[in-house]
Every structure is written in C-alpha cells, then in structure tokens.
Amino acid sequence: MTTKSSQHDTPPADTPVVIVGAGPVGMFLALDLASKGIRSTVIEQSTSHRAYPKGDTHNARTMEHYRRLGLADAVRAAGLPPDHPTDVVYLTSLNGYELKRLRMPSGAEKMAEAAAHSVTSQVPEPLHRSNQMYVEKVVLERLLATEAVTCRLGTEFTGFEETGSGVAVRVRPAGGGPEEVITGQYLVGCDGARSHVRRQLGLSYEGEEAETGFSSGLRHSRYLRIPNVVKDVIREPAWQYWLVRPGRVASLITLDAREEFKLSVYAGNADDDDAVRAFVDDCVGEHVDTEILDSQDWVNGLALVADRYQRGRVLICGDAAHLFTPIGGFGMNTGIDDAANLAWKLAAAIQGWAGPYLVDSYDTERRPAGVRNTSAAISLGRPLRGIPLGPALEEDTPEGRKARGDAAHVLETQRESFASLGVQLGVRYEGSPIIWPDGAPEPEDSYDRYVPTARPGGRAPHLWLSRTQSLFDVLGPGFTLLRMGGHPPSAAALADAARRRAIPLTVVDITLPEARDLYECNLALIRPDQHVAWRGDELPDPDELLTQVTGGLAP
Ligand SMILES: Cc1cc2nc3c(=O)[nH]c(=O)nc-3n(C[C@H](O)[C@H](O)[C@H](O)COP(=O)(O)OP(=O)(O)OC[C@H]3O[C@@H](n4cnc5c(N)ncnc54)[C@H](O)[C@@H]3O)c2cc1C
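A brief look at the structure comes next. Here, residues in each chain are numbered from 1, in the same order as that chain's written sequence. Where totals are concerned, whole chains, interfaces and linings use all residues; where local detail is concerned, this predicted model gives features only for residues with pLDDT of at least 70, and gives and counts side-chain atom pairs only at 80 or more. Heavy atoms throughout the structure, all of them, feed into the side-chain values; hydrogens and water do not.

### Quick look at the overall build of the chain
Filter applied, for reference: Numbering of helices and strands runs from the N terminus; a helix is a DSSP stretch of H or I covering at least four residues, while a strand is a stretch of E covering at least two. Only heavy atoms enter the contact rule, under which two residues are in contact if any of them lie within 4.5 Å. Note on areas: Shrake-Rupley with a 1.4 Å probe; residue coverage comes only from the protein chains shown. We treat Lys and Arg as the positive residues and Asp and Glu as the negative residues; His and chain ends play no part in the count. A charge is said to be at NZ when it belongs to Lys, at CZ for Arg, at CG for Asp and at CD for Glu.
In terms of regular secondary structure, the chain is built from 18 helices and 24 strands. Along the longest, intermediate and shortest principal axes, the C-alpha atoms of the chain span 80 × 65 × 35 Å. Excluding contacts between residues fewer than 6 apart, the proportion of contacts in the chain whose partners are at least 24 apart in sequence is 74%. About 21,900 Å² of surface is accessible on the chain, with carbon and sulfur atoms providing 51% of the total. Distance between charge centres in the chain, computed from 57 positive and 74 negative side chains, equals 2 Å.

Here is the structure:
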C-alpha cells in the first residue's frame, strides 16, 4: 500500500519515458507512445535531422507500423520519384559489362500491385526504398509537431541512476555545459551502435563478426554529387549499382535519381578525397566530376546482439541492441519492430493495466528476433562468397562470356536478399509467456516466403476489408478481439473483464468468409503491436486470458 509519506518521498517523474536518441528507432518509439497517450522526452545530441545517407530499405513491416501512425504516405513521398526503377544491377563498371540485373518494380508499380489486391493479400504496405536521411526528416517534423513529445535537440545524455520508482537521467548541452537531471519512470536507449545506455548497463554484444567474403570488415560510405553520370553514362537507370570486378567491389546507390549517390567501398579504397575521385572514375569507367559531401565509416559483416535488452527500468532498442550486416536492409527495420513491441508494454505499465512481467517480455520476445534477423542477413550474404571474379570477366572473348555467365548465375541468388518477405513479416514470439499457445504445429521459418498463420505469436494475418481499408486500419490502440464467421460467440464476458481491469479492448466483427478461413477460428485476440495473442472458437476464462496476455504470469 502507498503511504502518505512514501508519496511525499517519491515526487512524480518529469516525464513517463526518457528516450535517448532521435534516430529512426527513438523517434518511432516516441510517436508510438504518443499514439497511446503516453508522454515522452527525447534526448538527441544533434541539432537537426541526419544529413548523410545510411540505409535505404523501409520494409513491409516498418511501413505497416508507419501506416498505423498515419505516416506511411508521407514516408512514401520522401526519396526516389515514384516511377524510378528500383532494379539492382551488377556491372564491371557503369559503362562496362552488365553482369546481372535484378528487376524490381518502381514504387508506383508496387503501389498499383498492392491496390489490385485480393482479400487475403498479405502486403498492404509494400517495401519502400528511400534513404533514411529523407525519411528521418519527415519523421522528425512529425515528432516536433507532436504535443506529447518533448524533443531536446542539441542535448547529450551523460548517464543515469535508477531510483526505486524510476530513473534519474543526466543530460547537458551537446558540446559541454552544466548538467541537468530529468526524471522518468522508464529510460530507453535508442542511442545507436556505441550506445552509452547499453554500456552503462554493463551489457555487451554477442555473436558473429562474420566474414561474408564479399565485402566484410571496415567500409567507407561516401556521400557524393556526380552531376552528369545519369545523363551521360548510365544506360538504363537502376536504384543500386554494384561495381564488380577482380580487385574491386563497391556499391553505388542513387539517392535522388539525379546526381546524389552513396558509394560504399571497403577500406583501402577511396580512403582520402583524391582516392575517392579516382575510385569513382574507375567505377564509372571514365572521368566524371565528383563532389564529396560527407564521409562515414562502418563495419560490415556483423551479426551482434546484446546479451540482454533490459535491466529494471532501463531498456535498449535498435542498434543499441543489435548490429547487422546491411545485406537485406534489416537493421533499422528490426529496431522499429523492437520499438513497436516495447511501446504498448510501457504504455500498459504507465497506465496501470500491465501485469508485473509485461515489460520484461520485451527482452524475451525481441532478443530472439534480433538473433533471427541478424542470422538471416549473414546467411543471405553467403552466396556472394562464390562469385567467380576471374581476370577474364572484362574480356570480349569466349572465356570472358563464360566468366560473366558464371558470375550472373551466382548473382541471381541475391534476389532473395532484396525481397525477403519471410524475414520482414515472419517474426513469431514462440514460447513467449504472454502468448496463449494453441498447440498448432510451428510453421517453417523461411527468409524469403511469408506464410500467413494465425497461430498465436505471429503477426496477425492481413485482410483487405474493402478496396482501401486494411484490417490493420480497424484494430484499436489496445487489444482487439476479432469476431469472425457466421455466428461468432459473444464478446461480452471479455469486454466486461477488460473494462474492470482498465485494459483497452476494441471488438471488431468481420463478416468476410475469408477471415474465418484465414484465422481458422471464430475469435482472435490481437495485441496492440498486431501480433496474435490468442485464438479459439470459444472464449476461455476471460480473466485468465487477460492475466496471461498482459504479463500477469511469471515466466
Ligand atoms: C551502409 C548502411 C546501410 C544500411 N542499410 C539499411 C537498410 O537498408 N535498412 C535498414 O533497416 N537498416 C540499414 N542500415 C542500418 C541502419 O542504418 C541502422 O540500423 C539505424 O540507423 C539504427 O537506428 P537507431 O535509431 O537504432 O540508431 P541511430 O540511427 O544510430 O540513431 C542513434 C541516435 O542517437 C543519438 N545519440 C547517440 N548517443 C547519444 C547521446 N549520448 N546523447 C544524445 N543522443 C545520442 C545519435 O546522435 C543518433 O541520432 C544500414 C546501415 C549502414 C551503415
């Protein structure tokens, strides 16, 4: 029981949640919390959005999350023009031999395909290619306009102390100045690969610093302006150009479809500005004017996951919790899925309807997802070890033609890494203490194929309710009970129990016959992060069910 004096000893926190880092993951977490009515304070050392390129792939699951927050259209409007092809092409140089072209639809074609859907089509929000720096600008604008978020740009996090009922977070102006303390009920480190929060928690990364064989180790990312190359050199536009030949492997990604590019190259090449220009000429196959706008270094070939994602009231999300090799483009996307898993659990704890183990289930559910997805990235990169890059590759001879054919054969296997729907949509929370299992056999976990299943733990299989209305558009901000089939059982007992416990529950009736077939049951309880918590033809004891799915049972 709370006594008068303990109330007096524990002043209310300044903010329910302190988030360190306004990268894509920290910003998403703050917006998802705000969508559930939870205030947060975001601490970010930079004074504006990222102005240099990083990843380009916002996958189908991330786009579903952005749709839930009403951001998907704004994100799609950022980056490449909708009609620009998103092909991946492997060449000996831009004006040299084309070894393989993986044809991919443009953004507009993907949206047209999604619009011509069947009722049970599983991709309401196709993967979107646009550099993070453009998308982060859009998301930051939304963040700054969100009343429930206090955004402290130009502020550096310097450390924290856990108090009995919360966390005292130390910050100061970035670049130095007096320290200030902000108190929160929870602290979430979304502060990237060098996470100060993770290090202060004493957590470390575990896993592989793997060899992909193609381009592992230290890499340089160069942000370039090459004004005339699209007009004068490129024969057929693509999104990603891999420049592949003996002794040199690099990728050049178009950022704006016109003159801005991101060059990724392994260390030892393009180490200084003169070397960058010479390297670009070599990749293009002729001299071009190149302006270097920014440079970043990063390490390729990693599959590292923190040994824990949480200690007490302090948690980590995104790159602070895992580091990927960029093959497949899973790093940020996995981080956004972390944040979606965590947001509703923190909201439940703060609003008072969480069981004592709900927040802890974040680590139980998301750490295995980190291990799964980092492994997928490494394994999708493995075939690249076998690319035969013999000296004949650029020769106009029978040997040259054979070498190019052999390389093309291996490169075809890369298609999966650009269309890995199983990785994107297939995360399942097997064995989670907050999932009510139904004993159905565990489906195969495939990286490239997503097989929808309403078996508890997986993403809720998708349905189109009309030409434009997705099932995900009608789910409530809390739990949702789907009633399906001709004569579904009453939801009244569950609704009463939820009301008594102040658990937000929306009941949705779906009369489409496809729904009953897809879910293989009359009722399904969907969590706020769109994963299935329970399904069945009859409700079990409502209190037992709600106790389990809100973390009331010890694991
Ligand atoms: C070449 C390359 C290509 C990639 N391609 C893809 C892709 O296609 N798809 C994909 O999903 N992922 C991709 N990634 C990975 C992706 O870029 C990262 O996973 C993503 O940026 C992680 O987001 P985050 O918010 O966790 O961390 P970050 O983006 O690193 O953001 C962390 C934020 O915390 C702030 N911060 C750090 N310390 C402090 C402090 N002490 N005080 C205050 N603020 C602090 C930083 O300033 C930063 O803004 C790629 C990465 C690389 C290098």
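So that's the structure; there's more coming.
### What to know about the pattern of salt bridges
Heads up, the condition is: Only one rule defines a salt bridge in this text: a Lys or Arg side-chain nitrogen within 4 Å of an Asp or Glu carboxyl oxygen. Each residue's exposure class comes from its accessible area (1.4 Å probe, protein chains only) as a fraction of the maximum for that residue type: buried when under 20%, exposed when over 50%, partly exposed otherwise.
For the structure on display, the rule yields 50 salt bridges. When the shortest N-O distance is used, the salt bridge between Glu-125 and Arg-67 registers 2.8 Å. Here Glu-125, found in the loop between helix 5 (107-115) and strand 6 (128-129), pairs with Arg-67, found in helix 3 (residues 60-68); they are 58 residues apart in sequence, far enough to count as distant. Of the residues examined, Glu-125 reaches a relative accessible area of 4% and is grouped as buried. One salt bridge connects Arg-499 with Asp-496, and the closest N-O pair in it is separated by 2.9 Å. One end of the pair, Arg-499, and the other, Asp-496, are both in helix 16 (residues 492-500), 3 residues apart, so they sit about a helical turn from each other. Taking relative accessible area as the criterion, Arg-499 reaches 60% and is therefore assigned exposed.

### Structural notes on the sheet that holds strand 22 (residues 505-510)
Inclusion rule: Any two strands with at least two DSSP-identified bridges between them are counted as paired. Convention adopted: a line fitted to C-alpha atoms gives each axis, helices being fitted over their contacting stretch, and angles between N-to-C directions are expressed from 0 to 180 degrees.
The 4 strands lie next to each other as 22-21-23-24, forming an open sheet whose pairing is mixed. Two strands close off the open sheet at either side, each with one partner strand: strand 22 and strand 24 (532-536). Geometrically, the sheet is characterised by an average inter-axis angle of 15° between neighbouring strands, direction not taken into account. Examined bridge by bridge, strand 21 (residues 479-484) and strand 22 share 6 bridges and lie parallel to one another. Note on strand 22: the bridge partner recorded for Phe-479 is Leu-505.

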